Amino acid sequence: MEALKKRILEEGVVASDQVLKLDGLLNHQVDPVLTMQMGKEFAERFRDENITRVVTVESSGIAVAFATAYELGVPLVFARRKKTLLADPDALSERVPSFTKGIVTDIMLSRQFIHENDRVLFIDDIIANGDAARGMVKIIQRSGAHLVGFGVVVEKCFQAGARTIREQGIRIESLVRIASLSDGTVQFAE
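Before going into details, it helps to say that this report is about the structure given with it. As the structure is a prediction and not an experimental result, all values here were calculated from the model.

Rules of the game
- Residues numbered from 1 in each chain as written.
- Predicted model: local features only at pLDDT ≥ 70, side-chain atom pairs only at ≥ 80, totals over all residues.
- Heavy atoms only, no water.
- Helix = DSSP H or I, 4+ residues; strand = E, 2+ residues; numbered from the N terminus.
- Rg over C-alpha atoms; globule rule 2.2 N^0.38 Å.
- Buried < 20%, exposed > 50% of the residue type's maximum accessible area, 1.4 Å probe, protein only.
- Contact = heavy atoms within 4.5 Å.
- Areas by Shrake-Rupley, 256 points an atom, 1.4 Å probe, with all protein chains shown as cover.
- Axes fitted to C-alpha atoms, helices over the stretch in contact; angles between N-to-C directions.
- Parallel < 35°, antiparallel > 145°, perpendicular 65-115°, else oblique.
- Left-handed = near helix turned anticlockwise from the far one by under 90°.
- Nonpolar A, V, L, I, M, F, W, Y, C, P; charged D, E, K, R; others polar.
- Arc of directions from axis to C-beta.
- Phe/Tyr/Trp six-rings, centres within 6.5 Å; stacked < 30°, edge-to-face > 60°.
- Lys NZ or Arg CZ within 6 Å of the ring centre and 35° of its normal.

### Examining the overall build of the protein chain
A count of helices and strands for the protein chain gives six helices and ten strands. A compact globule built from 190 residues would reach a C-alpha radius of gyration of about 16 Å, and the protein chain, at 16 Å, matches this within 12%. C-alpha atoms of the protein chain, sized along the principal axes, occupy 45 × 35 × 30 Å. By residue count, 47% of the 190 residues in the protein chain fall in the buried class. Here the analysis covers contacts within the protein chain between residues at least 6 apart in sequence; of these, 64% occur between residues at least 24 apart. For the protein chain, the exposed surface amounts to about 9,400 Å²; the carbon and sulfur share of it is 49%.

Okay, here's the thing in structure tokens:
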């Protein structure tokens, strides 16, 4: 997606050879026009899959997942990272480390919002090591729903996350693939 690549080059901050900060367009501030374009792109890529729900993990994936769900005309369900007093005690959950936060959290998805007859599209912002993504895949599988695919805004190809998901036979569609962040420079893959 050329518009996204352009914005990453203009606004992305290479914090290290492992970390790209996209706060100005994805993780702290959201550009509604670009977000809706990303949602439309994911919807087009998965349009023929008869998706019944879009799922994501809070919080940075919500905006793009919402745009995708809107374009597909289906509900968006997001897994929570914090347990509240009102949390479903029977929620599906998985303990996952967070690469960017440097902590371990539980992601939880209420059984009320995902069913075994669902055809689910998982959307997320960035995949690096893939811990949260693998956790979400496990939750979807335990629900009995069919995981149709995984759409990710930015795939960091130099980290193992996307590869480990593909090795499970799961279709991944990335809007942008980054080959390297070496020398403070974003280098895109093909």
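Let us keep going from here.
### Some details on the packing of helix H3 (residues 32-46) against helix H4 (residues 62-72)
Helix-helix packing is described using two parameters, namely the angle between the two axes and the distance between the axes. At a minimum axis distance of 7 Å, the contact between H3 and H4 shows a crossing angle of 55°. Regarding the angle of H3 to H4, the classification is oblique. Two packed elements cross with a definite hand, and for H3 against H4 that hand is right-handed. Together, Thr 35, Met 36, Met 38, Gly 39, Lys 40, Phe 42 and Ala 43 of H3 and Ala 63, Val 64, Ala 67, Thr 68, Tyr 70, Glu 71 and Leu 72 of H4 make up the contact between the two elements. Here the contact of H3 with H4 is built from residues that sort into nine nonpolar, three polar and two charged.

### Topic: helix H1 (residues 2-11)
For H1, the full list of buried residues reads Leu 4, Lys 5, Arg 7 and Ile 8. Buried positions in H1, seen along its axis, are confined to an arc of 165° and lie on one side of it. Along H1, exposed side chains directed more than 90 degrees from the buried face belong to Glu 2, Lys 6 and Leu 9. Packing partners of the buried residues in H1 comprise strand E2 (20-21), helix H2 (23-27), H3, strand E8 (146-156), strand E9 (172-180) and strand E10 (187-188).

### Some remarks on the packing of aromatic side chains
This structure, assessed with the given rule, holds two aromatic pairs. Plain terms: the ring middles of Phe 66 and Tyr 70 are 6.4 Å apart, the flat faces sit at 25° to each other, and that makes the pair stacked. In this pair, Phe 66 and Tyr 70 are both assigned in helix H4, four residues apart and thus about one turn of the helix distant. Seen from their ring centres, Phe 122 and Phe 150 are 4.4 Å apart, and the 15° between their planes marks the pair as stacked. Here the residue Phe 122 occupies a position in strand E7 (residues 119-127), and Phe 150 occupies one in strand E8, the gap between them amounting to 28 residues. Note on accessibility: Phe 122 and Phe 150 belong to one class, buried. Here the guanidinium or amino end of Arg 171 rests over the ring plane of Phe 46, the centre of that ring lying 4.1 Å away.

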